[in-house]
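Topology and contacts: notes
Okay, here's what each chain looks like letter by letter:
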Amino acid sequence: MKKTFETSDGATLAYTDEGSGEVLILLPGWSQSAAMFRHQIAHFARNRRVVALDFRGHGQSPHATHGYRIYRFAGDVQELMRHEQIERADIVGWSMGASVVWAMIDMFGTRHFNRLVFVDEPASVMRQAGMSEQDAVNAGALFDSTTMLAIAEQIIGADGHATRGAFLDSMVTKQIPADLKEWLLAENLRVDPGQVASLFVNHCTIDWSDIFTRIDRPTLIVGGRVSHVDARSQEWIHGQIAGSTLIIFEDNQGGAHFPFLEAPDRFNELLSSFLLSS
């Protein structure tokens, strides 16, 4: 069932709410939508309540004039949980969606979560001032501030469509079906270029490295061997979170940035096993 609610600052957010039982919340990545989780919604709604959010201006959520920031998105998720009277949930944050969960933990701690799943998100997308070479590897930093701003300019420029297409090309395996990649790009292009560029900059500039040692819930970390997010960064996050579990999808297992779409059966099996673990 597709629902909407209005946030405290006047944005309308769309979300899917299917099934009943223990709650599983799914948060998508930058410029993408809850529709990315179609295989997980169908699978887990058989015996759980699955809530998948379209961030403001993303997917089926209408354009908002403001609030394209990670911490505002974290507030949106918190408001959605209050709106639906969800006191605790398991939560999957994929890509930027993981950063939204980290912002929630930064502000509210882990009391609203049972289990945490982080899929293919670096601790810091951008190389921060003072980072050593090893720090940058651990953080999974993809580029420096100059490159980040150049990408943002390209997103809002005349060739923004091509820029976002090239960005997507770097996130999938070579085996991905052409129609699936075309659909991913169409979902990406739903978001207003100016707003998504602003969100991109905000997302890239935050370093979450000091969050992980504060996480005290069972945690699954999923990476991809051929993802643009270096698998070593996922290994580093795993090392920071006590008792966490790490799974790296290989190239022939859909091991890029969309394992839940390129290898949904394996992803669902692994996620199900983790959610049922004691």
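Analysis parameters
Just so you know, the residues in each chain are numbered from 1, in the order the chain's sequence is written. The model is predicted, so local features are restricted to residues of pLDDT at least 70 and side-chain atom pairs to those at 80 or more, both for listing and for counting; the totals for chains, interfaces and linings are taken over all residues. Excluding hydrogens and water, the side-chain values take into account all heavy atoms of the structure. Put simply, DSSP marks the helices as runs of H or I at least four residues long and the strands as runs of E at least two long, and each gets a number from the N terminus on. As defined in this context, the radius of gyration uses C-alpha atoms, and a globule is described by 2.2 Å times the residue total to the power 0.38. Think of it in three bands: with a 1.4 Å probe and only protein chains considered, a residue is buried below 20% of the maximum accessible area for its type, exposed above 50%, and partly exposed in between. Should any heavy atoms of two residues lie within 4.5 Å, those residues are considered in contact. Every accessible area reported is derived by Shrake-Rupley at a probe size of 1.4 Å, with residue values counting cover from the shown protein chains alone. Here the positive residues are Lys and Arg and the negative ones are Asp and Glu; neither His nor the chain ends is included. Working definition for charges: the position is that of NZ of Lys, CZ of Arg, CG of Asp or CD of Glu. In plain words, nonpolar cores are sets of buried Ala, Val, Leu, Ile, Met, Phe, Trp, Tyr and Cys residues tied together by side-chain atoms within 4.5 Å. Here a Phe, Tyr or Trp ring, Trp counted by its six-membered ring, pairs with any other such ring whose centre lies within 6.5 Å, and the pair is stacked when the planes are under 30 degrees apart, edge-to-face when over 60, and tilted otherwise. Think of it as a cone above the ring: NZ of Lys or CZ of Arg counts as a charge over the ring if it is within 6 Å of the ring centre and within 35 degrees of the ring normal. Strand pairing is assigned whenever DSSP identifies at least 2 bridges connecting the two strands. The axes used here are C-alpha line fits, helices contributing only the stretch in contact, and every angle between their N-to-C directions lies in the interval 0 to 180 degrees. One side-chain nitrogen of Lys or Arg within 4 Å of one carboxyl oxygen of Asp or Glu is enough to make a salt bridge.

**Notes on the overall build of the chain**
- Scanning the chain from terminus to terminus reveals 11 helices and eight strands.
- Taking 19 Å as the expected radius of gyration for a compact globule of 278 residues, we find that the chain reaches 17 Å, a close match to that expectation.
- Along the three orthogonal principal directions, the C-alpha set of the chain runs to about 45 × 40 × 40 Å.
- Looking at the 278 residues of the chain, the share that counts as buried comes to 57%.
- In the chain, the share of contacts with a sequence separation of at least 24, taken over all contacts with a separation of at least 6, comes to 74%.
- Counting only carbon and sulfur atoms, one obtains 49% of the accessible surface of the chain, whose full area is about 11300 Å².
- Side chains of the chain give 23 positive and 34 negative charges; the mean places of these two sets differ by 4 Å.

**Looking at helix H6 (residues 160-169)**
- All of the buried residues in H6 are Gly160, Thr163, Arg164, Gly165 and Leu168.
- The inward-facing, buried residues of H6 contact helix H5 (145-156), helix H7 (178-188) and helix H8 (193-205).

**Let's talk about the nonpolar core**
- By size, the foremost hydrophobic cluster in this structure holds 59 residues, and its most contacted members are Leu27, Phe200 and Phe212.
- In contact with Leu27, other than residues within four places in its own chain, are Phe37, Leu53, Phe55, Val77, Ile91, Val92, Gly93, Trp94, Gly97, Val100 and Val101.
- Of all hydrophobic cores here, the second largest spans 32 residues; its members include Leu24, Leu168, Leu180 and Phe258.

**Let's talk about the packing of aromatic side chains**
- Tallied over the entire structure, the rule returns 19 aromatic pairs.
- Judged by centre distance (5.5 Å) and plane angle (55 degrees), the ring pair of Trp30 and Phe200 falls under tilted. Remark: Phe200 occurs in helix H8 and Trp30 occurs in the loop between strand E3 (23-27) and helix H1 (38-44); sequence separation between them is 170 residues. The burial state of Trp30 is the same as that of Phe200; both residues are buried.
- A network of ring pairs unites the aromatic residues Phe37, Trp94, Phe249, Phe258, Phe260 and Phe267 as a single cluster.
- Note that Arg38 overlies the ring of Trp183, its terminal NZ or CZ placed 4.4 Å from the centroid.
- Residue placement shows Arg266 over the ring face of Phe249; its charged tip is 4.4 Å from the ring centre.

**Considering the pairing of strand E4 (residues 49-53)**
- Across the five residues of E4, five count as buried, placing the element largely inside the fold.
- Residues Arg49, Val51 and Leu53 point to one face of E4 and Val50 and Ala52 to the other, with burial holding for every one of them.
- Relative to E4, strand E2 (residues 12-19) runs antiparallel, the two sharing five bridges. Of the residues in E4, the one forming a bridge with Glu18 is Val50.

**Points about the sheet that holds strand E5 (residues 89-94)**
- Across the sheet, which stays open at both edges, the eight strands sit in the order E1-E2-E4-E3-E5-E6-E7-E8 with mixed pairing between neighbours. A single partner strand is all that each edge strand has here, and the edge strands are strand E1 (2-6) and strand E8 (245-249). Averaged over neighbouring strand pairs, the angle between their axes works out to 20 degrees when direction is ignored.
- Of the pairings in the sheet, the one linking E1 to E2 comprises five bridges and is antiparallel in character. Bridge pairing links Phe5 to Leu13 in E2.
- Here helix H2 (residues 70-83) sits on the sheet in contact with E1, E2, E3, E4 and E5, set at roughly 110 degrees to E1.

**Focus: unusual backbone geometry**
- Phi at Ser31 takes a positive value of approximately 70 degrees, unusual for a residue other than glycine.
- Relative to the elements of secondary structure, Ser31 occurs in the loop between E3 and H1.
- One non-glycine residue, Ser95, adopts positive backbone phi at about 55 degrees.
- Summarising the element assignment, Ser95 is placed in the loop between E5 and helix H3 (96-108).

**Let's talk about the pattern of salt bridges**
- Applying the stated criterion to the full structure yields 19 salt bridges.
- When the shortest N-O distance is used, the salt bridge between Arg48 and Asp90 registers 2.9 Å. Highlighted residues: Arg48 in the loop between H1 and E4 and Asp90 in strand E5, separated in sequence by 42 residues.
- Overall, the relative accessible area of 7% leaves Arg48 in the buried class.
- One salt bridge in this structure joins Arg49 and Glu84, with 2.7 Å as the shortest N-O distance. Taken as a pair, Arg49 in strand E4 and Glu84 in the loop between H2 and E5 lie far apart in primary sequence, 35 residues in all.

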